[in-house]
Amino acid sequence: MGYRVAVAGATGNVGREMLNILAEREFPADEVVALASRKSLGTEVSYGDKTLKTKDLDTFDFGGTDIALFAIGSGPTKEYAPKAARAGAVVIDNSSLYRYEPDIPLIVPECNPDSVEMFKNRNIIANPNCSTAQMVVALKPLHDRARIKRVVVSTYQSVSGAGKDAMDELWTQTKGLYVPGQEVEPAKFTKQIAFNVIPHIDVFMEDGSTKEEWKMVVETKKIIDPKIRVHATCVRVPVFVGHSESVNVEFEEPLDEDEAREILREAPGLMLVDKREPGGYVTPVECVGEFATYISRLRTDPTVENGLSFWCVSDNLRKGAALNAVQIAELVGRRCLKKG
Ligand code: 2RA
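Residues numbered from 1 in each chain as written. Predicted model: local features only at pLDDT ≥ 70, side-chain atom pairs only at ≥ 80, totals over all residues. Heavy atoms only, no water.

**Details of the confidence of the model for the chain**
As a reminder, the rule being used: Confidence scores labelled pLDDT are given residue by residue by the predictor and lie between 0 and 100.
Overall, the predicted model of the chain reaches an average pLDDT of 96, with 99% of residues at or above 70. Taken together, the chains of this predicted complex give a pTM of 0.96 and an interface ipTM of 0.95.

As structure tokens, this is what we get:
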């Protein structure tokens, strides 16, 4: 007997990927329900070779639902996640709403699977921010071997992280720069993204960092180790899908490059593609639609005692969101719900 699964936000970038990945990984579901807001009622979405018509999230009865994957943003999540949880569904939420609450587990299955048991506190599990997820998959095996002291990361985040409208904006601006008569001005107080990079994702904080950068710091500490110091600079780049990150790591203990290479080669969820030759590394366009987080350009950082740097690329809609959420569903199913 399989699970009854609901996907809330089924018409958004992440919700659609959740349905795709549930089908691709043959998640043991007896029923999958696609939920969306009333304005999207009846929209057809793909679930493998099936087509589902979205149902109204507002009136949906979660009674009998085993697992509810949420990708509806923090605002609506605040209204509907507790309702689903009270009805008995295990909510796996992709928004940032619950990530930082001490009694809610924030899970990347390759990093902290044992923490999933904490879902019993409120029947809610939080999915990390996309830029955090791909980074911690690489950091965790290295931390287990040589204890990470400090991480400095610069991200190159695709526009799909900001949703479908942001993807349309990149397309429209790019077209407008090439097709006479289709020029468009960026919206007020935003910057052109076509052929440009923008060092600003989410709101600015008191200390001059952005909330996206703050998320990477706090979430890395919660998922791996609160003692790790993280400094992030998050940048939006004119790429449709696929986040890239330049990661610099300082360890408490010596870890030579060759040993680190073997650790990363063997670690779950990672694919090492690293040849010191033209094309010997992964770029965002090559990660789209893939499950893996790719590691390239691994090298020693000689400017500190125990330092390494690497390049990390992953599909932000998959490992950064939908894949990680489905992997959490697989984990909680295997360990706690025992169906399927
Ligand atoms: C972004 N990580 O890339 C944020 C939210 N998905 O915009």
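**A short note on the packing of helix 1 (residues 13-24) against helix 8 (residues 318-337)**
In plain terms, the rule: Interaxial angle, 0 to 180 degrees, is taken between N-to-C directions of lines fitted to C-alpha atoms, where a helix line uses only the stretch in contact. Helix and strand definitions follow DSSP, with helices as H or I runs of at least four residues and strands as E runs of at least two, each counted in order from the N terminus. An angle below 35 degrees is read as roughly parallel, one above 145 as roughly antiparallel, one from 65 to 115 as roughly perpendicular, and any other as oblique. The handedness criterion is simple: a crossing whose near helix is rotated anticlockwise from the far helix by less than a right angle is left-handed, and one whose near helix is rotated clockwise is right-handed. Contact criterion: two residues are considered in contact whenever any of their non-hydrogen atoms come within 4.5 Å of each other. In the scheme used here, Gly and all other residues not listed as nonpolar or charged are polar, with Ala, Val, Leu, Ile, Met, Phe, Trp, Tyr, Cys and Pro taken as nonpolar and Asp, Glu, Lys and Arg as charged.
Relative orientation of the contacting elements helix 1 and helix 8 amounts to 50°, with a least axis distance of 9 Å. One way to sum up the angle between helix 1 and helix 8 is to call them oblique. For the element pair helix 1 and helix 8, the recorded crossing hand is right-handed. Contact with helix 1, carried on its side by Val14, Glu17, Met18, Asn20, Ile21, Leu22 and Glu24, involves Arg318, Ala321, Ala322, Leu323, Ala325 and Val326 of helix 8 and no other residues of that element. Of the residues contributing to the contact of helix 1 with helix 8, the split by class is nine nonpolar, one polar and three charged.

**Observations regarding the environment of leucine 57**
Operational definition: Here's how the labels work: a residue is buried when its accessible area is under 20% of the maximum for its type, exposed when over 50%, partly exposed in between, all with a 1.4 Å probe on protein chains only.
You can see leucine 57 is positioned in the loop between strand 5 (55-56) and strand 6 (67-70). Looking at leucine 57, the relative accessible area reads 5%, which means it is buried. For the pair leucine 57 and asparagine 13, spaced 44 residues apart in the sequence, the C-alpha separation amounts to 17 Å. Apart from residues lying up to four places away in sequence, leucine 57 is in contact with Ala8, Leu35, Ala36, Phe62, Ile72, Tyr80 and Lys83.

**Considerations on the domain arrangement of the chain**
Using the following cut-off: Domain start and end points were adopted from an automatic or database domain assignment. Accessible surface is computed with a 1.4 Å probe, and the buried area is the amount of it that two parts give up when combined, taken over both parts together. Within this document, salt bridges are pairs made up of a side-chain nitrogen of Lys or Arg and a carboxyl oxygen of Asp or Glu, the two lying within 4 Å of each other. Polar contacts here mean pairs of N or O atoms no more than 3.5 Å apart (in protein, one a potential hydrogen donor and the other a potential acceptor; neighbouring residues in sequence count only if both atoms are side-chain atoms).
In terms of domains, the chain is made up of domain 1 (3-128 + 321-335) and domain 2 (131-316). Relative placement of domain 1 and domain 2: their C-alpha centres are 25 Å apart. Facing the 18 residues of domain 1 at the interface are 19 residues of domain 2. Between domain 1 and domain 2, roughly 1600 Å² of surface is buried when both sides are summed, and carbon and sulfur atoms account for 64% of that area. Put simply, domain 1 and domain 2 have one salt bridge between them. The partner of glutamate 219 in a salt bridge is arginine 99, with the nearest N and O atoms 3.2 Å apart. Between the two partners, domain 1 and domain 2, sit seven residue pairs in polar contact (both at pLDDT 80 or more).

**Looking at the UniProt feature "binding site: NADP(+)" (unreviewed entry) in the chain**
How we decide: UniProt positions are given in the numbering used here, feature names are shortened, and annotations may be inferred rather than shown by experiment.
Residues annotated in UniProt with the feature "binding site: NADP(+)" (unreviewed entry) correspond here to Thr11, Gly12, Asn13, Val14, Lys39, Ser40, Ser160, Gly161 and Asn316. A maximum C-alpha distance of 26.3 Å among these annotated residues, which run over 306 residues, shows that they spread across the structure rather than meeting at one spot. Topologically, serine 40 is positioned in the loop between strand 2 (29-36) and strand 3 (44-47). With relative accessibility at 12%, the residue serine 40 sits in the buried group.

**Some points on the packing of aromatic side chains**
Aromatic rings considered in pairs are described by the distance between their centres and by the relative angle of their planes. Rules: Stacked, tilted and edge-to-face are the three classes applied to pairs of Phe, Tyr and Trp rings, where Trp contributes its six-membered ring and a pair requires centres within 6.5 Å; stacked means planes under 30 degrees apart, edge-to-face means over 60, and tilted covers the rest. The criterion is that NZ of a Lys, or CZ of an Arg, lies within 6 Å of the ring centre and within 35 degrees of the ring normal, and then a charge sits over that ring.
All chains considered together, the criterion is met by six aromatic pairs. Relative to tryptophan 311, the ring of tyrosine 156 lies with its centre 5.6 Å away and its plane at 50°, an arrangement referred to as tilted. Placement of tyrosine 156 in strand 9 (residues 148-157) and of tryptophan 311 in strand 14 (residues 307-314) is noted, with a sequence separation of 155 residues between them. Accessibility expressed as a relative area gives 22% for tryptophan 311, which makes it partly exposed. In this arrangement the basic side chain of arginine 25 is found over the ring face of phenylalanine 291, its NZ or CZ atom lying 5.2 Å from the centre.

**Side note on the pairing of strand 4 (residues 50-53)**
What counts, and what does not: Paired strands, as defined in this entry, are two strands with at least two bridges between them according to DSSP.
Sheet topology places strand 3 next to strand 4; four bridges connect them, and they run antiparallel. Looking at strand 4, one finds that tyrosine 47 is bridged to lysine 50.

**Details of the UniProt feature "binding site: phosphate" (unreviewed entry) in the chain**
Per the UniProt record, "binding site: phosphate" (unreviewed entry) is annotated on Arg99. Ignoring sequence-local partners within four residues, the contact set of arginine 99 consists of Asn94, Leu106, Ala126, Asn127, Pro128, Asn129, Lys215, Glu219 and Lys222. Here the side chain of arginine 99 touches glutamate 219 through a polar contact of 3.2 Å, side chain to side chain.

**Let's talk about the state of the cysteines**
Spelled out, the test is: In this description, the term disulfide denotes a pair of cysteine sulfurs within 2.5 Å.
Scanning the entire structure with this criterion turns up zero disulfides. The structure places no disulfide on cysteine 234, whose sulfur is separated from the nearest cysteine sulfur, that of cysteine 130, by 9.0 Å. A relative accessible area of 0% means that cysteine 234 is categorised as buried.

**Observations regarding the side chain of glutamine 173**
Looking at the secondary structure, you find glutamine 173 in helix 4 (residues 164-178). Filtering out sequence-adjacent residues up to four positions away, glutamine 173 remains in contact with Val184, Pro186, Lys191, Gln192, Ile193 and Ala194.

**Observations concerning the sheet that holds strand 8 (residues 124-126)**
Taken together, six strands build an open sheet; the order of strands is 5-2-1-6-7-8 and the sheet is parallel. Single-partner strands in this sheet number two, and they are strand 5 and strand 8. The pairing of strand 1 (residues 3-8) with strand 2 spans six bridges and is classified as parallel. The partner of tyrosine 3 across the bridge, within strand 2, is alanine 29. Packed on one face of the sheet, helix 1 meets strand 1, strand 2 and strand 6 and runs near 155° to strand 1. The sheet contacts of helix 8 involve strand 1, strand 6, strand 7 (90-93) and strand 8, and relative to strand 6 the element is tilted by about 160°.

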